[in-house]
Structures are given as structure tokens and as C-alpha cells.
Amino acid sequence: MNKTYQNILQKTTLNMAKDWLQIKTIDMHTGGEPLRVILDGFPELKGNSVLDYRRYCKDNFDELRTALMFEPRGHADMYGCILTPPNDDEGDFGIIFLHNEGYSTMCGHAIIAISTLAIQMNWIAIKEGENILKIDAPCGRITSFANVENGKVTGVKFHCVPSFVVGLDYKTNIEGIGEVIYDLAYGGAFYAYVDMAKNKFDFDLSPASYKNLIKTGMDIKHAVMESNSEINHPIEDDLSFLYGTIFIDNTKQNSGSDSRNVCIFAEGEVDRCPTGSGVSGRMAIHKAQNEINIGETMTIESITDSVFKGSVISEIDYGPFKAVIPQVEGTAHITGTHTFAIDPNDPMKNGFILR
């Protein structure tokens, strides 16, 4: 056998230089939306709460966010998370969400994925049937329920933070489109919800419209940010920003679905799944419009035809708002593991994005 090829077969472990930072991750997806779970090698975050850890990460290690989310290790639509201590002893752990623009306040697909991973990794004592996790996100405590059958996770549902409608049928003007009608609601993050039936667009919510969805979604996001002064969380100022635009259409691919969601968030990311926090906000909208009752379920599909189930568990007064506690259900899968190396001499060590 050729000697060089023999060496290739025998020497498959890379000896990394001592000055290279090594960060270990487990990669997953929920309905096609990626999640890079950062488990080892990331510098220690300081603080006393998830919001503290989030601020500390942003102020001190933002270049590692871009290194792990951007190319060449990630891509323009990459998403990730870091696990932290919980806010108090009643929680299991905390979680910080990362993406191409920065740090989000809530992420339903990440909650579904990390709950699945918690079972796979035996982070909690596992039993057949329902396993409960209490996860502290920047927006507050999320309770998730991982169902286990024969030792395997068959699905995860979570109860989101109080979700509410700020207002319905707002209007804003977009250059080249004209007037756009939208609803403003919060489901752990603020979104502008744009019903395709109420507006005139020259695209649909299929993968073929990918570029149009990004451009129009970002145009709407920026217009709403400039024109609407009501994007204010009643308790926490750090949550008071518009995260994205969600297009809604009753034209769907799955016969069992009620409608389709396509979310454009952060800096033009396209959510591959139906968006857990977006579905949470939708539950508040549908309850306010008497389109769903407590205990009823809606099935919402994404641009990849993956599906979440949404429902309303209860109603609650939350500051000046009549809020709901939504439930969102989906499934997640592991796609691989990584040990990323960050060479201090690499001119592209902090990443870049081409779209």
C-alpha cells in the first residue's frame, strides 16, 4: 500500500497548537433550523443572572460569537446557544441565544433542541413519559416537557413566558411596496406579524421567494422600528426591541396544517422552522381575535414544511396587557459534534458573512 495513504489511515487525530482556542459543540436542528450548542472551551461568563451573562458575553467575547456563527465555521443563517447557571436554585440551567446580529431574548426551537439534548446527555434523571425542565432564558423562565418512550425523546413541548398583543392592524409604508398592515405582538420577543391576505406582495412563502422574503422582511422590520414607539416590554428594558417580521399565509403544503409562518429575524436570517417564540405571539393574537380557545391546538408549518403545534394554556394579567401562556410543541435531532479551533494567527479567525 502507498506509504502516504497508509499514514492517512493511521494518523487521523489532529494535534492542535497550544495557543489555539478549542471550543466543543454539539450541533442540532429543530424543523431544519440549526442550533450549535456550545459546551466546552468558551471563556467563563460572569454575572448573577442570564441577562448578566448575556451582557458580559456581548461586552467581552462577541468575537467568539461571530467566529462560531459566521463563515467559515457557520453561515449567514447559523444559530447557537451557551448554557449558563440558572437564575435561582429552582431552575435547571440558563441559556443564551446567539445569531448573526447578536443575542436574542427567546428561541423556541433552541428550547426544544436543548431539552432533547438534556435527555440524550443524561443531564437530568430520566424517566419514561414526561420529563420536566426549567430553563432560564433572557426573557424569563421556560418550562419544557420532554416525552420519553423506550428511552428516546419523541417530542418536546414548552410553556413560554406571558405573551401578549401590543396592537392589531398597524400600518407602515415601505418604499416600492406601499402601505403594509401588521400586528405587533410579543412571545418572548417582539415581532411584526404580516398577514399575506391583508397585503399585496408579488411573492409567496415558498423557498423560491427566499430573497424577496429577506428583503421585504427587513424593510418592514426597519420601518416598524422607526414608526412604532410601542415596542416596550412592561418589565425589562433589555427585551424592548423588534426581533423580526413574520409572514403568515393560509396557503400551506401540509393538509393537516392550519397556516404557514416564515420569520425573517436578526440581520436577515430566515427561520427554517415555524419559530417557537413567533408561534407564542401568534397564540396571543388568535386568542385576542377569538380564533382559538384555551386547550385548542393550531398546527403551523414553516418554509421547509416542518411543523409546530401551538395552543393556549391559560390567560394572565401581565402589566397593562391581557397575556396568554402559550404552549409550543416540536421535535429536534442531533446532526453532529465539533471541536472548533481558533488560530490566533488566522486573519479570518473572527469570521465573515457573504450572502
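Model, not experiment: these values are computed from the prediction.

Helices and strands together make up the secondary structure of the protein chain, namely six helices and 18 strands. By the compact-globule yardstick of 20 Å for 355 residues, the protein chain fits well, its C-alpha radius of gyration being 21 Å. Principal-axis analysis of the C-alpha atoms gives the protein chain an extent of 70 × 50 × 45 Å. Classification of the 355 residues of the protein chain by burial places 53% in the buried group. Taking the intrachain contacts of the protein chain between residues at least 6 apart in sequence as the baseline, contacts between residues at least 24 apart amount to 61%. Accessible area for the protein chain stands at about 16100 Å²; split by element, carbon and sulfur atoms hold 47% of it. Separation of charge centres in the protein chain, based on 31 positive and 47 negative side chains, amounts to 5 Å.

All right, on to the packing of aromatic side chains then. The tally for this structure, following the rule as stated, stands at 16 aromatic pairs. Centre to centre, the rings of Phe164 and Tyr318 are 6.1 Å apart; their planes meet at 35°, and the pair counts as tilted. With Phe164 in strand β9 (residues 164-174) and Tyr318 in strand β16 (residues 307-318), this residue pair connects regions lying 154 residues apart in the sequence. Accessibility expressed as a relative area gives 0% for Phe164, which makes it buried. On the basis of relative accessible area, Tyr318 is assigned to the buried category, the value being 15%. Of the aromatic side chains, those joined through ring pairs into one cluster are Tyr79, Tyr191, Tyr193, Tyr243 and Phe265.

Attention now moves to the pairing of strand β13 (residues 259-265). For β13, the buried fraction is high: seven of the seven residues fall into the buried class. Of the two faces of β13, the one holding Ser259, Asn261, Cys263 and Phe265 and the one holding Arg260, Val262 and Ile264 are both buried throughout. Across six bridges, the pairing between strand β12 (residues 242-249) and β13 is antiparallel. Paired with Ile248 across the bridge in β13 is Asn261. Of the pairings in the sheet, the one linking β13 to strand β15 (residues 297-301) comprises two bridges and is parallel in character. Note that in β15 the partner of Arg260 across the bridge is Glu301.

Moving on, we get to the pattern of salt bridges. Side-chain pairs of opposite charge can arise whenever the charged atoms involved come near each other. Scanning the model with the defined rule gives 15 salt bridges in all. For the salt bridge of Asp52 with Arg55, the shortest nitrogen-to-oxygen distance reads 3.0 Å. Highlighted residues: Asp52 and Arg55, both in helix α2 (residues 50-60), separated by three residues, approximately one helical turn. Residue class for Asp52 comes out partly exposed when judged on its relative accessible area of 25%. Lys157 is the salt-bridge partner of Glu130, the closest N and O atoms lying 3.8 Å from each other.

Counting buried positions along strand β17 (residues 321-330) gives eight out of 10 residues, so the element sits mostly inside the fold. Of the pairings in the sheet, the one linking strand β8 (residues 152-159) to β17 comprises four bridges and is antiparallel in character. In the strand pairing of β17, His159 is matched with Gln327. Pairing of β16 with β17, which is carried by nine bridges, proceeds in the antiparallel orientation.

Moving on to helix α5 (residues 210-227). Helix length check: α5 (18 residues) gives 26 Å between terminal C-alpha atoms against 26 Å at 1.5 Å per residue, within 8%. When α5 is considered as a whole, its buried residues turn out to be Leu213, Ile214, Thr216, Gly217, Met218, Ile220, Lys221, Ala223 and Val224. Looking at the buried positions of α5, the neighbouring elements they touch are β9, β10 (178-186), β11 (190-195), β12, β13 and β14 (269-270).

Turning to unusual backbone geometry, a few remarks are in order. In this chain, Glu71 is followed by Pro72 through a cis amide linkage whose omega measures 5°. Relative to the elements of secondary structure, Pro72 occurs in the loop between α3 (62-69) and β3 (80-84). Unlike most non-glycine residues, Ala266 shows phi in positive territory, near 50°. As for its position among the elements, Ala266 is in the loop between β13 and β14. Of note in the backbone geometry, Thr275 takes a positive phi value of approximately 75° without being a glycine. Residue position: Thr275 is located in the loop between β14 and α6 (276-288).

Grouped together as the largest cluster of nonpolar side chains are 87 residues, with contacts concentrated most on Phe97, Ile142 and Phe247. Looking at this core, the element that brings in the most residues is helix α4 (residues 108-120), giving eight residues. The contact partners of Ile142, leaving out residues within four places of it in the chain, are Met106, Ile111, Leu133, Lys134, Ile135, Ala137, Phe158, His159, Cys160 and Val161. Grouped together as the second largest cluster of nonpolar side chains are 20 residues, Tyr53, Ala67, Leu68 and Ile96 included.

The rules behind the values
Residues numbered from 1 in each chain as written. Predicted model: local features only at pLDDT ≥ 70, side-chain atom pairs only at ≥ 80, totals over all residues. Heavy atoms only, no water. Helix = DSSP H or I, 4+ residues; strand = E, 2+ residues; numbered from the N terminus. Rg over C-alpha atoms; globule rule 2.2 N^0.38 Å. Buried < 20%, exposed > 50% of the residue type's maximum accessible area, 1.4 Å probe, protein only. Contact = heavy atoms within 4.5 Å. Areas by Shrake-Rupley, 256 points an atom, 1.4 Å probe, with all protein chains shown as cover. Lys, Arg positive; Asp, Glu negative; His and termini not counted. Charge placed at Lys NZ, Arg CZ, Asp CG, Glu CD. Phe/Tyr/Trp six-rings, centres within 6.5 Å; stacked < 30°, edge-to-face > 60°. Pairing = 2+ DSSP bridges. Salt bridge = Lys/Arg side-chain N within 4 Å of Asp/Glu carboxyl O. Expected span 1.5 Å × (residues − 1). Core = buried A, V, L, I, M, F, W, Y, C linked by side-chain atoms within 4.5 Å.

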